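This is what each chain is made of:
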Amino acid sequence: MVKRTDPKFIPLKDYREFPVVEMKRRAAAFFSDLRRRRTVRHFSDRPVPAAIIDDCLRAAGTAPSGANMQPWHFAVVTDPGLKRQIREAAEREEEEFYSKRVPPEWLEALAPLGTNQNKPFLEKAPFLIVIFAQIFGLGRGGRKIKHYYALESVGIATGILITALHNAGLVSLTHTPSPMGFLNQILGRPANERPFLILVVGHPAAGAVVPDIGRKSLDEIRTKF
Ligand code: IYR
C-alpha cells in the first residue's frame, strides 16, 4: 500500500511585493554586487567566526529541492589534522589526474586557470565545507527513501551558499578533486552520501590574484522568444 499524506496549506505570509522602480533597483544592485564575486585560490589563514558560516549554511538550506527531500549535508571542517588529511588525499588524486588521467583537451580548457596538483588552500583556508549529496535517504530501520533530483537540488543549495558567503564578505573556491570518495572515509560520512564538492572558504591572501578571464554577456546566455 502506498502511504499518502494529505497536503496541508498555510498562507504565504512572508512574500514581499515591491513597486516596479524598487524591483529594478534591487535587481540591478544585486547583480552589481554579485558580479564582484570571483573564485579565489589564494587564501589567508585569517579566522572567520563560525556563526557567519552557520548563517550562510542556513541560507543554503532554504534551497528548493526535489519533493522537499533536502538531500544535502554540509561537513564543516576547521580541524587542522582533518584539513591535512583532506589535502594529502586530494593532492594524491590530483597528482594522478594531472600526470596521467587528464585528457589533453581538458588540460587545454584548464590552462587559463593556472591550476595544478598542489592544493595548499586545503590547509590554509580557515573553513572547508565539504558538501555531500544524499543520493537516497535513510528511513527507520535503514529503509531507503528515494531522493528525486538530488544533484540538481544540491547544486542549487551550493549556489545559494556561494552567494551567501560572497554577501558576507568572504571568498570561496569550488574544488572538485576527482575521485572524491576519500572524503566519506576521512569524515565518516555514510554510503548514501556522495561528495559533491569541497567549498574552500575564507579571506583572500594579501595580494591574491585571479585569472584574467571573463563572463559571457547576456546576449550570449539568453534567447528571447
Ligand atoms: N580537479 C582539478 C582539475 C580542475 C577541473 C576543473 I572542471 C576546474 O574548473 C578546475 C580544476 C583541480 O582542482 O585542479
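Residues numbered from 1 in each chain as written. Predicted model: local features only at pLDDT ≥ 70, side-chain atom pairs only at ≥ 80, totals over all residues. Heavy atoms only, no water.

Draft legend 1. Up close: the overall build of the protein chain. Of the regular secondary structure elements, the protein chain holds eight helices and six strands. Ordered by position from the N terminus, the helices and strands of the protein chain form the series α-α-β-α-α-α-β-β-β-α-β-α-β-α. If you line up the protein chain on its principal axes, its C-alpha atoms span 55 × 55 × 40 Å. Going through the 225 residues of the protein chain one by one, you find that 34% of them count as buried. A fraction of 80% describes how many contacts in the protein chain between residues 6 or more apart in sequence connect residues 24 or more apart. Accessible surface, the protein chain as shown: approximately 15000 Å² in total, 55% of it carbon and sulfur. Of note, the protein chain has its 33 positive side-chain charges centred 6 Å away from the centre of its 23 negative side-chain charges. (Helix = DSSP H or I, 4+ residues; strand = E, 2+ residues; numbered from the N terminus. Buried < 20%, exposed > 50% of the residue type's maximum accessible area, 1.4 Å probe, protein only. Contact = heavy atoms within 4.5 Å. Areas by Shrake-Rupley, 256 points an atom, 1.4 Å probe, with all protein chains shown as cover. Lys, Arg positive; Asp, Glu negative; His and termini not counted. Charge placed at Lys NZ, Arg CZ, Asp CG, Glu CD.)

Draft legend 2. Here's a closer look at the packing of helix 2 (residues 50-60) against helix 6 (residues 150-167). Two numbers describe how helix 2 lies on helix 6: the axes approach to 8 Å, and their chain directions differ by 145°. Helix-helix and strand crossings are classified by hand; for helix 2 and helix 6 the assignment is right-handed. Between helix 2 and helix 6, the residues in contact are Ile53, Cys56, Leu57, Ala59 and Ala60 and Ala157, Ile160, Leu161, Ala164 and Leu165, respectively. (Axes fitted to C-alpha atoms, helices over the stretch in contact; angles between N-to-C directions. Left-handed = near helix turned anticlockwise from the far one by under 90°.)

Draft legend 3. Here's a closer look at unusual backbone geometry. Backbone torsion omega between Ser178 and Pro179 reads -5°, so that peptide bond is classified as cis. Turning to its location among the elements, Pro179 is positioned in the loop between strand 5 (171-175) and helix 7 (182-187). Located in the positive-phi region is Asn68, a residue other than glycine, with phi close to 55°. Relative to the helices and strands, Asn68 is located in the loop between helix 2 and strand 1 (72-77). Judged by relative accessible area, Asn68 falls into the exposed class, the value being 53%.

Draft legend 4. The site of the ligand, seen in detail. Near the ligand, the surroundings consist of Arg41, Glu94, Phe97, Tyr98, Trp106, Leu110, Leu113, Thr115, Asn116, Lys119, His175 and Thr176. Tyr98 is positioned such that a nitrogen or oxygen atom in its side chain is 2.4 Å from an oxygen atom of the ligand. Within the complex, the protein chains bury 74% of what would otherwise be the 370 Å² of accessible surface of the ligand. Placement of the ligand is best described as lying within the largest pocket. (Near = heavy atom within 4 Å. Polar contact = N/O pair within 3.5 Å; in protein donor to acceptor, adjacent residues only side chain to side chain. 1 Å grid on protein atoms, 1.4 Å probe; cavity = no way out; pocket = protein on both sides within 12 Å on 5 of 7 lines; lining within 4 Å. Sits in = over half its atoms within 2 Å of the grid points.)

Draft legend 5. Spotlight on the pairing of strand 2 (residues 127-134). In terms of residue burial, strand 2 counts as a mostly covered element, since eight of its eight residues are buried. In strand 2, alternate side chains face the same way, and those of Phe127, Ile129, Ile131 and Ala133 on one face and Leu128, Val130, Phe132 and Gln134 on the other are all buried. Of the pairings in the sheet, the one linking strand 1 to strand 2 comprises six bridges and is antiparallel in character. Its bridge partner lying in strand 2, His73 is registered against Phe132. As defined by bridge partners, strand 2 adjoins strand 6 (residues 193-202) across eight bridges and the pair is classed as antiparallel. Pairing of Val130 across the sheet is with Ile198, part of strand 6. (Pairing = 2+ DSSP bridges.)

Read these as layout, nothing more, since geometry by itself doesn't imply function.
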